Amino acid sequence: MSKKILIIGSGIAGIAASLKLKSYGLESTIVDKGNFIGGRIGTREEKVGKNTYYFFHGAQFFTAKNNNFKKIINLGIKEHYIKKFGDFSPPRFRGFPTMRNFLTNISKDINIQQNFKITGLKKINKKISALDEKSKSWNVFDAVISTIPAPQNLELMNNFPVLKQSLKTASYDACMALMFYFDEHPLKIPDYFEFYNNPSILSWMAASNNKRYWTAHTKGSYSNLNLNTNKLLIKNEILSSIEEFLSVFMNRPNINFSSLHVWKYAKIKQIVVGKQIDPEFPIAIAGDFMEGPNVESAFISGEKAAELVFNRLG
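Residues numbered from 1 in each chain as written. Predicted model: local features only at pLDDT ≥ 70, side-chain atom pairs only at ≥ 80, totals over all residues. Heavy atoms only, no water.

A. Structural context of the sheet that holds strand β2 (residues 28–31). Taken together, the five strands give an open sheet; going across it, the order is β7-β2-β1-β11-β17, and neighbouring strands pair in parallel fashion. Sheet topology places β7 (111–113) and β17 (283–285) at the edges, where each strand pairs with a single neighbour. Between one strand axis and the next, the sheet turns by 20 degrees as a mean value, whatever way the strands run. Packed onto the sheet, helix α9 (residues 295–313) meets β1 (5–8), β11 (143–146) and β17 and runs at close to 165 degrees relative to β11. (Pairing = 2+ DSSP bridges. Helix = DSSP H or I, 4+ residues; strand = E, 2+ residues; numbered from the N terminus. Axes fitted to C-alpha atoms, helices over the stretch in contact; angles between N-to-C directions. Contact = heavy atoms within 4.5 Å.)

B. Summary view of the pairing of strand β6 (residues 92–95). Burial along β6 is two-sided: the face carrying Arg92 and Arg94 and the face carrying Phe93 and Gly95 are both buried. Sheet topology note: the strand β5 (residues 82–85)/β6 ladder contains four bridges and is antiparallel. Within β6, the position partnered with Lys84 by the bridge is Phe93. The hairpin formed by β5 and β6 contains six residues between the paired strands, and Gly86 there has a positive phi angle of roughly 70 degrees. (Buried < 20%, exposed > 50% of the residue type's maximum accessible area, 1.4 Å probe, protein only.)

C. View of the pattern of salt bridges. Scanning the model with the defined rule gives seven salt bridges in all. Here Glu27 ties to Lys22 by a salt bridge, and the two come within 3.0 Å at their closest N and O atoms. Between Arg92 and Glu194 there is a salt bridge whose closest N-O contact spans 3.2 Å. Here Glu194 lies in strand β13 (residues 192–194) and Arg92 lies in strand β6, a separation of 102 residues in the sequence. (Salt bridge = Lys/Arg side-chain N within 4 Å of Asp/Glu carboxyl O.)

D. Layout of the layout of surface pockets. Empty space within the second largest pocket amounts to approximately 220 Å³. Taken together, the residues that form the lining of the second largest pocket break down as six nonpolar, two polar and three charged. (1 Å grid on protein atoms, 1.4 Å probe; cavity = no way out; pocket = protein on both sides within 12 Å on 5 of 7 lines; lining within 4 Å. Points joined across faces, edges and corners; volume = space filled by probe spheres on them. Nonpolar A, V, L, I, M, F, W, Y, C, P; charged D, E, K, R; others polar.)

E. Representation of the pairing of β11. Neither face of β11 is exposed, since Ala143 and Ile145 on one face and Val144 and Ser146 on the opposite face are all buried. Bridge count for β1 against β11 is four bridges, and the pairing is parallel. Note that in β11 the partner of Ile5 across the bridge is Ala143. In this sheet, β17 lies alongside β11 in parallel orientation, the contact comprising three bridges.

F. Focus on unusual backbone geometry. Residue Pro90 is bonded to the preceding Ser89 through a cis peptide linkage, with omega at 0 degrees. With respect to the secondary-structure elements, Pro90 resides in the loop between β5 and β6. In this structure, the amide linkage connecting Phe96 to the following residue, Pro97, adopts the cis form with an omega of 5 degrees. If you trace the backbone, Pro97 turns up in the loop between β6 and α3 (99–106). A positive phi angle is found at Lys136, which is not glycine, with a value near 60 degrees. By the element assignment, Lys136 lies in the loop between β9 (127–132) and β10 (138–141).

G. A look at the side chain of Lys211. Topologically, Lys211 is positioned in the loop between β14 (202–207) and β15 (213–218). From its side chain, Lys211 meets the backbone oxygen of Ile189 in a polar contact 2.3 Å long. Excluding residues within four positions of it along the chain, Lys211 makes contact with Phe182, His185, Pro186, Ile189, Pro190 and Asp191. (Polar contact = N/O pair within 3.5 Å; in protein donor to acceptor, adjacent residues only side chain to side chain.)

Shown next, in the form of structure tokens:
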């Protein structure tokens, strides 16, 4: 059957939904307000002379228990755009050479439009009409799946009270992501540290696929309290914590600040309690807020949303 389906958000949930719909013979269009696909599977470029290096400023890795997600990872390993990360149990994986390469490869046959923001959704007969911010025009779709963070999704769901009620039950921790680099390749330190059981303001820090380039994330408790704090103060406080920790491994940790990114909706704290699809209309929601705080959970929710929409359309 030929249907016009819109997916809002080009993160892993949106891409998973599109791939699942494609397996049912349904094409979809993904739109996203940002410049790049990936959502919180983020990659930031740093140019040094003629060379370009990358920070992974969002999710650092993904794991796989779900069979469909395992198939995607196994294909990625075979085609060299996914690599195993570290020696962890269960195994952890990363996109290669950057985290974003994971998503660009699995979405290469999907129609994705970046810098495209949807600002309104409404019912029209048994279909959904979506308002495009640029053209100010309403376009009708047979179905819609929205995968943006729950608080932003709330703004779109005024005409769909059941989904709005579901979204209200989700909550997030914020996060400060500080990107830094070493003057020289640090030889004697691991490429990943966790601080979950440590009084540090840091949650973890990790090297990218080049060990000179690192990202540190702060704990939710610290991030939530400091969302409106002066960013220079935040930067200095995080850098001090990093330097203090690294002093155990090297006499004078010579690190350089690159940038600070604030993830307002970083880690899901409370998943949604409620419906994933409207009781009457072909509109569904998906994201980590439906299943749990990791990449695989967002993937699973995207597949579930696609299945719900497919059944509704059928």
